[in-house]
Amino acid sequence: MNVTLKRDLEGVDWQAVANVYAETLGPEDPAQLARTWATSFATVLAYLDGRLVGAARAISDGEREALIVGVVVLPAFQRRGIGTAMMRALIEDLRRTAILLTCLEDENVSFYRSLGFRVHKRVMALGYPEGCYV
Ligand SMILES: CC(C)(COP(=O)(O)OP(=O)(O)OC[C@H]1O[C@@H](n2cnc3c(N)ncnc32)[C@H](O)[C@@H]1OP(=O)(O)O)[C@@H](O)C(=O)NCCC(=O)NCCS
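Thresholds applied
- Residues numbered from 1 in each chain as written.
- Predicted model: local features only at pLDDT ≥ 70, side-chain atom pairs only at ≥ 80, totals over all residues.
- Heavy atoms only, no water.
- Axes fitted to C-alpha atoms, helices over the stretch in contact; angles between N-to-C directions.
- Helix = DSSP H or I, 4+ residues; strand = E, 2+ residues; numbered from the N terminus.
- Parallel < 35°, antiparallel > 145°, perpendicular 65-115°, else oblique.
- Contact = heavy atoms within 4.5 Å.
- Phe/Tyr/Trp six-rings, centres within 6.5 Å; stacked < 30°, edge-to-face > 60°.
- Buried < 20%, exposed > 50% of the residue type's maximum accessible area, 1.4 Å probe, protein only.
- Pairing = 2+ DSSP bridges.
- Right-handed = clockwise from strand over helix to strand, strands pointing away.

So, on to the packing of helix α1 (residues 14-22) against helix α2 (residues 30-38). In contact at an axis separation of 8 Å, α1 and α2 are set at 100° when each is read in the N-to-C sense. Considering the angle they form, α1 stands roughly perpendicular to α2. Seen from α1, the contacting residues are Trp14, Gln15, Val17, Ala18 and Tyr21; seen from α2, they are Pro30, Leu33, Ala34 and Trp37.

On to the side chain of Thr43. In this structure, Thr43 sits in strand β2 (residues 42-48). If we skip the residues at most four places from it in the chain, Thr43 touches Lys6, Arg7, Leu9, Trp37, Ala56, Arg57 and Leu90.

Under the defined criterion, the tally for this structure stands at 3 aromatic pairs. Between Trp14 and Trp37 the ring centres are 5.9 Å apart and the planes differ by 65°, which places this aromatic pair in the edge-to-face class. With Trp14 in helix α1 and Trp37 in helix α2, the pair connects residues that are 23 residues apart, well separated along the chain. There is no split in this pair, since Trp14 and Trp37 are both buried. A ring pair is formed by Tyr112 and Phe117, whose centres lie 6.0 Å apart and whose planes are at 70°; its orientation type is edge-to-face. A connected cluster of aromatic rings, assembled from ring pairs, spans Phe111, Tyr112 and Phe117.

Turning next to the pairing of strand β4 (residues 65-73). Examined bridge by bridge, strand β3 (residues 51-60) and β4 share 6 bridges and lie antiparallel to one another. Residue pairing for β4: Ala58 is matched across the bridge by Ile68. In terms of strand pairing, β4 meets strand β5 (residues 98-101) through 4 bridges, oriented parallel. Looking across to β5, one finds that Ala66 is bridged to Ile99. Taken together, β4, helix α3 (residues 82-93) and β5 form a β-α-β motif whose crossover is right-handed.

Shown next, in the form of C-alpha coordinates:
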(Lines give C-alpha, C1' and ligand atoms only; values in the text may rest on other atoms or scores of the structure.)
Protein backbone atom coordinates (compact mmCIF):
# COMPACT_ATOMS: atom_id res chain seq x y z
CA MET A 1 0.00 0.00 0.00
CA ASN A 2 1.54 3.27 -1.14
CA VAL A 3 0.01 6.10 0.90
CA THR A 4 1.32 9.63 0.42
CA LEU A 5 0.46 12.48 2.76
CA LYS A 6 0.25 15.84 0.98
CA ARG A 7 0.86 18.70 3.41
CA ASP A 8 0.36 21.70 1.12
CA LEU A 9 -2.55 22.89 -0.99
CA GLU A 10 -0.77 23.39 -4.27
CA GLY A 11 -2.82 22.09 -7.18
CA VAL A 12 -5.51 20.54 -4.96
CA ASP A 13 -8.62 19.41 -6.82
CA TRP A 14 -11.31 20.76 -4.47
CA GLN A 15 -14.06 18.85 -6.25
CA ALA A 16 -12.16 15.65 -5.45
CA VAL A 17 -11.92 16.71 -1.79
CA ALA A 18 -15.66 17.47 -1.79
CA ASN A 19 -16.29 14.01 -3.23
CA VAL A 20 -14.42 12.39 -0.33
CA TYR A 21 -16.54 14.36 2.16
CA ALA A 22 -19.73 13.51 0.25
CA GLU A 23 -18.93 9.81 0.81
CA THR A 24 -18.15 10.24 4.50
CA LEU A 25 -19.33 13.21 6.59
CA GLY A 26 -21.64 14.79 3.99
CA PRO A 27 -21.82 17.32 1.18
CA GLU A 28 -19.32 20.18 1.03
CA ASP A 29 -19.00 23.12 -1.34
CA PRO A 30 -15.64 22.91 -3.18
CA ALA A 31 -15.22 26.70 -3.18
CA GLN A 32 -15.82 26.86 0.57
CA LEU A 33 -13.39 23.98 1.10
CA ALA A 34 -10.73 25.96 -0.79
CA ARG A 35 -11.33 28.97 1.48
CA THR A 36 -11.50 27.13 4.82
CA TRP A 37 -8.51 24.94 4.07
CA ALA A 38 -6.46 27.93 2.92
CA THR A 39 -6.93 29.60 6.31
CA SER A 40 -6.31 26.44 8.35
CA PHE A 41 -3.16 26.03 10.46
CA ALA A 42 -2.36 22.54 9.15
CA THR A 43 -3.91 20.28 6.53
CA VAL A 44 -3.33 16.75 5.32
CA LEU A 45 -4.58 14.92 2.26
CA ALA A 46 -3.94 11.18 1.90
CA TYR A 47 -3.40 9.68 -1.55
CA LEU A 48 -3.30 5.96 -2.21
CA ASP A 49 -1.54 5.21 -5.48
CA GLY A 50 -2.38 8.75 -6.60
CA ARG A 51 -6.05 8.64 -5.63
CA LEU A 52 -7.37 10.97 -2.90
CA VAL A 53 -8.67 8.73 -0.10
CA GLY A 54 -8.47 10.84 3.07
CA ALA A 55 -8.48 14.36 4.45
CA ALA A 56 -8.17 16.25 7.73
CA ARG A 57 -7.27 19.73 8.92
CA ALA A 58 -6.53 21.76 12.04
CA ILE A 59 -7.53 25.28 13.00
CA SER A 60 -5.08 26.79 15.49
CA ASP A 61 -3.08 29.75 16.78
CA GLY A 62 -0.06 27.42 16.68
CA GLU A 63 0.89 28.05 20.31
CA ARG A 64 -1.92 27.31 22.75
CA GLU A 65 -5.13 25.97 21.24
CA ALA A 66 -6.16 23.86 18.28
CA LEU A 67 -9.25 22.21 16.85
CA ILE A 68 -8.99 19.25 14.50
CA VAL A 69 -11.92 18.94 12.08
CA GLY A 70 -13.06 17.00 9.03
CA VAL A 71 -11.10 13.79 9.60
CA VAL A 72 -12.22 11.36 6.89
CA VAL A 73 -11.09 8.26 5.03
CA LEU A 74 -13.14 6.82 2.17
CA PRO A 75 -15.09 3.79 3.44
CA ALA A 76 -13.34 1.37 1.07
CA PHE A 77 -9.97 2.35 2.52
CA GLN A 78 -10.76 2.50 6.23
CA ARG A 79 -9.04 0.32 8.86
CA ARG A 80 -5.72 0.40 7.00
CA GLY A 81 -4.02 2.98 9.19
CA ILE A 82 -4.62 5.95 6.90
CA GLY A 83 -6.64 7.90 9.49
CA THR A 84 -3.94 7.26 12.07
CA ALA A 85 -1.21 8.46 9.70
CA MET A 86 -3.11 11.69 8.95
CA MET A 87 -3.83 12.34 12.63
CA ARG A 88 -0.21 11.70 13.64
CA ALA A 89 0.91 14.27 11.06
CA LEU A 90 -1.49 16.90 12.46
CA ILE A 91 -0.62 16.06 16.07
CA GLU A 92 3.07 16.55 15.23
CA ASP A 93 2.26 19.98 13.74
CA LEU A 94 0.30 20.79 16.91
CA ARG A 95 2.83 19.41 19.40
CA ARG A 96 2.98 22.74 21.28
CA THR A 97 -0.79 23.11 21.71
CA ALA A 98 -3.75 21.51 23.41
CA ILE A 99 -6.09 19.90 20.88
CA LEU A 100 -9.87 19.62 20.87
CA LEU A 101 -12.04 17.73 18.44
CA THR A 102 -15.65 16.69 18.27
CA CYS A 103 -16.43 13.03 17.84
CA LEU A 104 -19.51 12.43 15.73
CA GLU A 105 -19.97 8.70 16.14
CA ASP A 106 -19.45 6.42 19.15
CA GLU A 107 -17.37 4.09 16.97
CA ASN A 108 -14.83 6.89 16.44
CA VAL A 109 -14.11 7.16 20.15
CA SER A 110 -11.74 4.17 20.02
CA PHE A 111 -10.01 5.66 16.97
CA TYR A 112 -9.23 8.88 18.85
CA ARG A 113 -8.41 7.01 22.07
CA SER A 114 -5.84 4.97 20.13
CA LEU A 115 -4.12 8.30 19.37
CA GLY A 116 -4.06 9.37 23.01
CA PHE A 117 -7.20 11.53 23.10
CA ARG A 118 -9.40 11.38 26.18
CA VAL A 119 -12.97 12.53 26.77
CA HIS A 120 -12.97 16.09 28.12
CA LYS A 121 -15.47 16.41 30.92
CA ARG A 122 -16.57 19.99 30.25
CA VAL A 123 -16.47 21.02 26.63
CA MET A 124 -19.19 23.56 25.86
CA ALA A 125 -20.36 23.98 22.29
CA LEU A 126 -22.53 26.34 20.27
CA GLY A 127 -23.79 26.16 16.72
CA TYR A 128 -23.58 22.38 16.20
CA PRO A 129 -26.52 20.25 14.95
CA GLU A 130 -29.09 19.55 17.70
CA GLY A 131 -28.22 15.82 17.98
CA CYS A 132 -24.70 16.67 19.21
CA TYR A 133 -25.64 17.92 22.68
CA VAL A 134 -26.03 15.91 25.91
C1 LIG B 1 -12.72 7.77 11.75
C2 LIG B 1 -11.89 7.44 10.50
C3 LIG B 1 -11.26 8.71 9.96
C4 LIG B 1 -10.78 6.43 10.89
O5 LIG B 1 -9.94 6.26 9.76
P6 LIG B 1 -9.23 4.85 9.47
O7 LIG B 1 -8.22 5.06 8.41
O8 LIG B 1 -10.26 3.82 9.25
O9 LIG B 1 -8.53 4.58 10.89
P10 LIG B 1 -7.30 3.59 11.19
O11 LIG B 1 -7.26 2.49 10.20
O12 LIG B 1 -6.06 4.40 11.33
O13 LIG B 1 -7.75 3.00 12.60
C14 LIG B 1 -6.87 2.99 13.71
C15 LIG B 1 -7.56 2.35 14.89
O16 LIG B 1 -8.69 3.13 15.31
C17 LIG B 1 -9.74 2.24 15.74
N18 LIG B 1 -10.88 2.34 14.81
C19 LIG B 1 -10.92 2.96 13.62
N20 LIG B 1 -12.15 2.87 13.08
C21 LIG B 1 -12.90 2.16 13.96
C22 LIG B 1 -14.27 1.72 13.98
N23 LIG B 1 -15.11 2.00 12.97
N24 LIG B 1 -14.70 1.01 15.03
C25 LIG B 1 -13.87 0.72 16.06
N26 LIG B 1 -12.55 1.10 16.10
C27 LIG B 1 -12.09 1.83 15.07
C28 LIG B 1 -9.15 0.84 15.71
O29 LIG B 1 -8.53 0.61 16.96
C30 LIG B 1 -8.12 0.97 14.61
O31 LIG B 1 -7.09 0.03 14.70
P32 LIG B 1 -7.29 -1.46 14.05
O33 LIG B 1 -7.85 -1.28 12.65
O34 LIG B 1 -5.92 -2.03 14.08
O35 LIG B 1 -8.28 -2.15 14.94
C36 LIG B 1 -12.78 6.76 9.43
O37 LIG B 1 -13.43 5.65 10.01
C38 LIG B 1 -13.82 7.68 8.80
O39 LIG B 1 -13.53 8.42 7.86
N40 LIG B 1 -15.08 7.61 9.26
C41 LIG B 1 -16.18 8.37 8.66
C42 LIG B 1 -16.04 9.85 8.88
C43 LIG B 1 -15.94 10.20 10.35
O44 LIG B 1 -16.76 9.78 11.16
N45 LIG B 1 -14.90 10.97 10.68
C46 LIG B 1 -14.63 11.38 12.04
C47 LIG B 1 -15.39 12.59 12.41
S48 LIG B 1 -15.34 12.80 14.17
